[in-house]
Amino acid sequence: RSYMNSNLQPSSQVIQSTLSKNGFDADCYVEYEPYRCHIYSLPFTLNCIHWLTSRFPGGTFINVQTLSVFDLHHPFKPDFFAKISSSFPVLTKLKVWNNIEQLEKQSSSIIEFTHLSQLDIDHAHIDYVEQFLSNSNTYLPALNSLQVKYTDLAIVTNNFTRSETQINCSKLKTLFLEKQIYLPHSKDFYQYFPQEIKISFV
């Protein structure tokens, strides 16, 4: 692994000051492992952002509907998703990519994603499946599409009998699962989701 000289790693304050001096209205945040800098203009007018990490400082992005969060080095704390919820008030699509176990399992309050309709947690540690599907952690009133690993889903829902996770699954129209799984002929599985749900394999 190669590292940049520490003298060549400016802080977010230095970068913002440089941008401001050159007439740019922008914000940024910096990561050091690996070193990279995320810079975005203000106001932010695009409707999607990709690959935010755990160092995201927050802000207000009133146009963003599609977001992916990604971190190979640090787990996402539950309150990170509270920051995401408040920073992206009209978010409809979220992809979580993080296979690191959460050290903190419980958020300080229930997090609500009012407009989130599509959630992809297929590349996330099972802790994030619990984070999103348990209604004691997260409330997803508009969720209608879920992509997740079948094994994680079965564990978190206690083999499709757990009422605490059924609430966030109650309006699903599409469930995306991995191609290689074999769905059991289980009454609990088919009764857990709405009758009109479509099962797709990806």
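Our subject is the structure that appears above.
Residues numbered from 1 in each chain as written. Predicted model: local features only at pLDDT ≥ 70, side-chain atom pairs only at ≥ 80, totals over all residues. Heavy atoms only, no water.

1. Brief notes about the pattern of salt bridges
Then, number 1: Counting across every chain of the model gives seven salt bridges.
Then, number 2: Lysine 95 serves as the salt-bridge partner of aspartate 120, at 3.0 Å between the closest nitrogen and oxygen. Of the two residues, aspartate 120 sits in strand β7 (residues 118–124) while lysine 95 sits in strand β5 (residues 93–98), which places them 25 residues apart along the sequence.
Then, number 3: Accessibility expressed as a relative area gives 13% for aspartate 120, which makes it buried.
Then, number 4: Among the ionic pairs, aspartate 127 bridges to lysine 105, the shortest N-O distance being 2.6 Å. In this pair, aspartate 127 is assigned in helix α3 (residues 126–133) and lysine 105 in the loop between β5 and β6 (111–112), connecting sequence segments 22 residues apart.
Then, number 5: You can call aspartate 127 buried: its relative accessible area is 13%.
Then, number 6: Within this structure, Glu101, Lys105 and Asp127 form a network of salt bridges that share partners. (Salt bridge = Lys/Arg side-chain N within 4 Å of Asp/Glu carboxyl O. Helix = DSSP H or I, 4+ residues; strand = E, 2+ residues; numbered from the N terminus. Buried < 20%, exposed > 50% of the residue type's maximum accessible area, 1.4 Å probe, protein only.)

2. Side note on the side chain of asparagine 168
Then, number 1: In this fold, asparagine 168 is placed in helix α5 (residues 163–169).
Then, number 2: Accessibility expressed as a relative area gives 1% for asparagine 168, which makes it buried.
Then, number 3: When residues no more than four places from it in sequence are discounted, the contact partners of asparagine 168 are Phe132, Leu133, Ser134, Asn135, Thr138, Tyr139, Leu140 and Leu143. (Contact = heavy atoms within 4.5 Å.)

3. Some thoughts on the nonpolar core
Then, number 1: One finds Val69, Phe81, Ile84, Phe88, Val96 and Phe193 to be the most contacted residues of the largest nonpolar core, which totals 46 residues.
Then, number 2: Every residue in contact with phenylalanine 193, bar those within four places of it in the chain, is listed here: Leu153, Phe160, Cys169, Leu172 and Leu175. (Core = buried A, V, L, I, M, F, W, Y, C linked by side-chain atoms within 4.5 Å.)

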